[in-house]
Amino acid sequence: MDLILWRHAEAYDLVDGQDDLQRVLTPRGQKQAARMGAWLRKHLPDNLRVLASPAMRTEQTVRALERKYKLRAELLPDGSPHELLELARWPDAKGAVLVVGHQPMLGQVAAQLLGIQTGECSIRKGAVWWLHQRQKLEQTETVLVTVQSPELL
């Protein structure tokens, strides 16, 4: 199974009285999402499930992929790594799942799956972490396939 974690692109900072879920992407964030969306379209398998947080900045990011997606409340900023993994059906699902979400949850999932003791990886805005689970001899292991940042594409 492949689990692809995509952090939403750069959004405007929260201002007093604003609902955090209504924050939108900055012009830079729109470019980040477009660049990463183009890269992902070239590399993603056809049988992919795409799940995204219903926050505005996350939905704007996933739209750049130009594929069907489902919005899931479990992926909102207050969600947990356990909820994300359960929603993705890790590690038992077949194929690949792309999850578009938020820090710190995405970084916590990456750290947990990679056995990083600090408890959280820092995932840059707009970046993708692609994880693959494989069976090697009698052991299951998670491999970090790639990390892509929109600034480097």
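For the structure given in this document, a descriptive report is provided here. Note that this is a predicted model, so its numbers are computed, not measured. (Residues numbered from 1 in each chain as written. Predicted model: local features only at pLDDT ≥ 70, side-chain atom pairs only at ≥ 80, totals over all residues. Heavy atoms only, no water.)

## Topic: the overall build of the chain
Argument step 1. Broken down by element type, the chain carries four helices and six strands.
Argument step 2. Dimensions of the chain, computed from the C-alpha atoms along their principal axes, are close to 55 × 30 × 25 Å.
Argument step 3. Within the chain, buried positions represent 48% of all 153 residues.
Argument step 4. Looking at the chain as shown, the accessible area adds up to about 8,100 Å², and 49% of this sits on carbon and sulfur atoms. (Helix = DSSP H or I, 4+ residues; strand = E, 2+ residues; numbered from the N terminus. Buried < 20%, exposed > 50% of the residue type's maximum accessible area, 1.4 Å probe, protein only. Areas by Shrake-Rupley, 256 points an atom, 1.4 Å probe, with all protein chains shown as cover.)

## So, the packing of aromatic side chains
Argument step 1. A full pass over the atoms with the stated rule returns one aromatic pair.
Argument step 2. Taking 6.4 Å as the distance between ring centres and 90 degrees as the angle between the ring planes, the aromatic pair formed by Trp 39 and Trp 130 counts as edge-to-face. Placement of the pair is Trp 39 in helix H1 (residues 27-43) and Trp 130 in strand E5 (residues 128-136), with a sequence separation of 91 residues. As far as burial versus exposure is concerned, Trp 39 and Trp 130 are alike and both buried. (Phe/Tyr/Trp six-rings, centres within 6.5 Å; stacked < 30°, edge-to-face > 60°.)

## Overview of the pairing of strand E1 (residues 2-7)
Argument step 1. With respect to burial, E1 is a largely interior element, six of its six residues being buried.
Argument step 2. Two elements, E1 and strand E4 (residues 96-101), share six bridges in a ladder whose sense is parallel. Bridging across to E4, Leu 3 finds its partner in Val 97.
Argument step 3. In this structure, E1 lies alongside E5, joined through five bridges in antiparallel fashion. Considered in E5, the bridge of Trp 6 is made with Val 128. (Pairing = 2+ DSSP bridges.)

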